[in-house]
Amino acid sequence: MPRTLHEVVFVDGVRTPFGKAGDKGMYAQTRADDLVIACIRELLRRNPDLPPERIGEVAVAATTQIGDQGLTLGRLASLLSGIPNTTPGYSIDRMCAGALTAVTTAAGSIAFGAIDVAIAGGVEHMGRHPMGEGTDPNPRIIAEKLVDPSALVMGSTAENLHDRYPTLTKERSDRFAVASQRKLAQAYERGDVQPDLVPVATRNAEKGWGLATVDEPPRPGVTMDDLATLRTPFRPHGRVTAGNSAGLNDGATACLLASQEAATELGLPVKMRLVNFAFVGVEPEVMGYGPVPAAEKALAQAGLTIDDIGIFELNEAFAVQVLSFLEHFGIPDDDPRVNPYGGAIAIGHPLASSGVRLMTQLAREFEQQPDVRYGMTAMCIGIGMGAAVIWENPHHKDYEESK
């Protein structure tokens, strides 16, 4: 029997301020699951017309699924957030694209009609759970030369990407990083970032109780001269530094998805419509290139071209990773369509949480730019993958034609 697919819309998204990982970071004594709970509760508070019992499932991503990031985090976070125990939940791991995958997976359930409302998000407390903690990679992957050993070190893969594309110099990476810091500072000054941040109560052994209200990683005054002095930890005389890469961070995100019908019925806002998405695999040694074929695949499936995309939210795991995307598509390094609020180099990249941050920012940028019809969120993924999601702006004059 033929089945009608349902349009999926992005209703709302929030995140905690992102913190620096480690004993001195603002979340050093905060549980990872409590960061997720803060986001889910804020979504419920901001959308009082949504009966909690209408939420069909809760999908929460984490790369390191142990400790306070383990035990089917989506289900536990749901229960601890006050959602009825009749709502199921689950956990997802696709490394850096965890939250992005939580969104696309939940969207599939909505499109198929299995549910009509979902919460999706992600968390990473890298201070408590460094990437790779407790893992045991099969020795065959190296012994049988399935991949080069550098594929297991993300910074080394970024150096490999520099090798493959000699025009992507350290100077270009540093310049891109300085611009990311500047754009984030300007976005904060305009008040573009703060509306979607969830304040989090914190505790520090030295300072006592506090309240996290802004991102901790940014260095707004950084200069090219500052970055030139940084060491290259992944290779002697390399090009990848702490200044042109995202840091080690703690934070969580969550968003509310619904079918177009449910959003209309419940009076929920529609901030974006999901158009298409794609995941691809690439050589693990140059995993940062993954967003390029992912974007090409998503665009082809949607019947669009790169010129149709008016805003790009690209995860800045490494500057060279974004630059390889821009170079491939002939987009200038300083194109104003790219990461208008700055990116992960300035904001931080708590691995599995970052995909929803990209979406939340794109949704707010759509609101500010009604002349832009389509936007893209994209990111590279460890062990050689890429992801891209295309969204449509409901504020655009032609939006009604597509529904």
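Keep in mind the model is a prediction, meaning the values are calculated, not measured.

J.: It is not clear to me how the UniProt feature "domain: Thiolase C-terminal" (unreviewed entry) in the protein should be interpreted in this structure. Could you clarify?
T.: In this structure's numbering, the residues bearing the UniProt feature "domain: Thiolase C-terminal" (unreviewed entry) are residues 270–392. Between the end C-alpha atoms of residues 270–392 there is a gap of 11 Å, over a span that is 34% helix and 26% strand.

J.: Help me understand empty space enclosed by the protein, please; the structure alone is not making it clear to me.
T.: One water molecule sets the probe size; rolling that probe over the atoms shows where empty space is left. Within this structure, the stated rule accounts for two cavities of 30 Å³ or more. Of the volumes computed, that of the largest cavity is approximately 80 Å³. Along the walls of the largest cavity sit Arg15, Asp192, Val193, Asp196, Leu197, Tyr341, Arg357, Thr360 and Gln361, which together make up its complete lining. With three residues, the top contributor of residues to the lining of the largest cavity is helix H12 (residues 354–368).

J.: How do you make sense of H12 when you look at a structure like this?
T.: Two residues of an α-helix separated by three or four positions point the same way, owing to the 3.6 residues in each turn. Taking 1.5 Å of rise per residue, 15 residues should cover 21 Å, and H12 covers 22 Å from first to last C-alpha, within 8% of that figure. With 13 of 15 residues buried, H12 is to be regarded as a mostly interior element.

J.: It is not clear to me how the environment of Arg15 should be interpreted in this structure. Could you clarify?
T.: Topologically, Arg15 is positioned in strand S1 (residues 8–15). Measuring from C-alpha to C-alpha, the distance between Arg15 and Met26 comes to 15 Å, with 11 residues separating the pair along the chain. Beyond its immediate stretch of four places on either side in the chain, Arg15 contacts Cys39, Val193, Asp196, Leu197, Val198, Asp215, Ala252, Thr253, Ile347 and Arg357. Here Asp215 takes part through its side chain, which lies 2.7 Å from a polar atom of the side chain of Arg15.

J.: How should I be thinking about the packing of aromatic side chains in this particular structure?
T.: When we look at a pair of aromatic rings, we describe it by the centre distance and by the angle of the planes. In total, this model carries five aromatic pairs according to the counting rule given. Centroid distance Tyr165 to Tyr289: 5.7 Å. Interplanar angle 20°. Geometry classified as stacked. A residue pair is termed long-range when its members are at least 10 positions apart, and Tyr165 in the loop between helix H5 (154–164) and helix H6 (170–190) and Tyr289 in the loop between strand S9 (272–281) and helix H9 (291–302) qualify at 124 residues. On the numbers, 6.0 Å between centres and 70° between planes, the contact of Phe312 with Phe325 is edge-to-face. Pair noted here: Phe312 is in strand S10 (residues 309–314) and Phe325 is in helix H10 (residues 319–329), with a separation of 13 residues, a long-range link. We note that Phe312, like Phe325, is buried. These aromatic residues form a ring-pair network of at least three members: Phe312, Phe325 and Phe329. Looking at Arg15, its charged tip hangs above the ring of Phe18, at a distance of 4.6 Å from the centre. Above the ring of Phe279, the side-chain terminus of Arg94 is found at 3.7 Å from the ring centroid.

J.: Looking at this structure, I do not really get a nonpolar patch on the surface. What am I missing?
T.: A contiguous nonpolar patch, built from Ile142, Leu152, Val153, Phe234 and Ile383 and spanning about 360 Å² of accessible area, is present on the exposed surface. Along the polypeptide, Ile142 turns up in helix H4 (residues 140–143). Overall, Ile142 belongs to the partly exposed group, its relative accessible area being 32%.

J.: I tried to follow the pairing of strand S4 (residues 89–92) on my own but got confused; where do I start?
T.: Each regular strand shows side chains that alternate between the opposite faces of the sheet. Judged from the four bridges that link them, strand S3 (residues 57–61) and S4 form a sheet pairing that is parallel. Opposite Val60, over in S4, you have Ser91 as the bridge partner. In terms of handedness, the path from S3 via helix H2 (residues 73–80) over to S4 forms a crossover that is right-handed.

J.: How should the pattern of salt bridges be read in this particular structure?
T.: As a working rule, side chains carrying opposite charge can pair if their charged atoms are close by. Following the criterion strictly, the structure yields 25 salt bridges and no others. Of the charged contacts in the structure, one is a salt bridge between Arg273 and Glu7, with a shortest N-O distance of 2.9 Å. One end of the pair, Arg273, is in strand S9; the other, Glu7, is in the segment before S1, and 266 residues separate them in sequence. Under the relative-accessibility criterion, Glu7 is labelled partly exposed at 27%. A salt bridge links Asp12 to Arg46, with the nearest nitrogen and oxygen atoms 2.8 Å apart. In this pair, Asp12 is assigned in strand S1 and Arg46 in helix H1 (residues 32–46), connecting sequence segments 34 residues apart. The exposure class of Asp12 is buried, given its relative accessible area of 3%. Several salt bridges share partner residues, and in doing so they unite Asp12, Arg46, Asp196, Lys271 and Arg364 into one network.

J.: Looking at this structure, I do not really get the pairing of strand S8 (residues 249–259). What am I missing?
T.: With 11 of 11 residues buried, S8 is to be regarded as a mostly interior element. In S8, alternate side chains face the same way, and those of Asn249, Gly251, Thr253, Cys255, Leu257 and Ser259 on one face and Asp250, Ala252, Ala254, Leu256 and Ala258 on the other are all buried. Here seven bridges tie S1 to S8, and the two strands are oriented antiparallel to one another. Each bridged residue has a counterpart across the sheet, and for Gly13 the counterpart in S8 is Cys255. Pairing between strand S2 (residues 19–20) and S8: two bridges, direction antiparallel. Pairing of Lys20 across the sheet is with Asn249, part of S8.

J.: In this structure, what is going on with the packing of H1 against H2? I would like to understand it.
T.: The relative placement of two packed helices is expressed as an angle between their axes plus a distance between the axes. Contact geometry for H1 and H2: axes closest at 9 Å, N-to-C directions at 55°. It follows from the interaxial angle that H1 and H2 lie oblique. Of the two possible hands of crossing, H1 and H2 adopt the one that is right-handed. Contacts from Asp33, Val36, Ile37, Ile40 and Arg41 of H1 reach H2 at Leu73, Ala77 and Leu80. The residue inventory of the contact of H1 with H2, partitioned by class, reads six nonpolar, no polar and two charged.

Rules of the game
- Residues numbered from 1 in each chain as written.
- Predicted model: local features only at pLDDT ≥ 70, side-chain atom pairs only at ≥ 80, totals over all residues.
- Heavy atoms only, no water.
- UniProt positions renumbered as here; feature names shortened; annotations may be inferred.
- Helix = DSSP H or I, 4+ residues; strand = E, 2+ residues; numbered from the N terminus.
- 1 Å grid on protein atoms, 1.4 Å probe; cavity = no way out; pocket = protein on both sides within 12 Å on 5 of 7 lines; lining within 4 Å.
- Points joined across faces, edges and corners; volume = space filled by probe spheres on them.
- Expected span 1.5 Å × (residues − 1).
- Buried < 20%, exposed > 50% of the residue type's maximum accessible area, 1.4 Å probe, protein only.
- Contact = heavy atoms within 4.5 Å.
- Polar contact = N/O pair within 3.5 Å; in protein donor to acceptor, adjacent residues only side chain to side chain.
- Phe/Tyr/Trp six-rings, centres within 6.5 Å; stacked < 30°, edge-to-face > 60°.
- Lys NZ or Arg CZ within 6 Å of the ring centre and 35° of its normal.
- Patch = residues over 30% accessible without salt bridge, like charges linked within 9 Å, V, L, I, M, F, W, Y side chains within 5 Å.
- Areas by Shrake-Rupley, 256 points an atom, 1.4 Å probe, with all protein chains shown as cover.
- Salt bridge = Lys/Arg side-chain N within 4 Å of Asp/Glu carboxyl O.
- Pairing = 2+ DSSP bridges.
- Right-handed = clockwise from strand over helix to strand, strands pointing away.
- Axes fitted to C-alpha atoms, helices over the stretch in contact; angles between N-to-C directions.
- Parallel < 35°, antiparallel > 145°, perpendicular 65-115°, else oblique.
- Left-handed = near helix turned anticlockwise from the far one by under 90°.
- Nonpolar A, V, L, I, M, F, W, Y, C, P; charged D, E, K, R; others polar.

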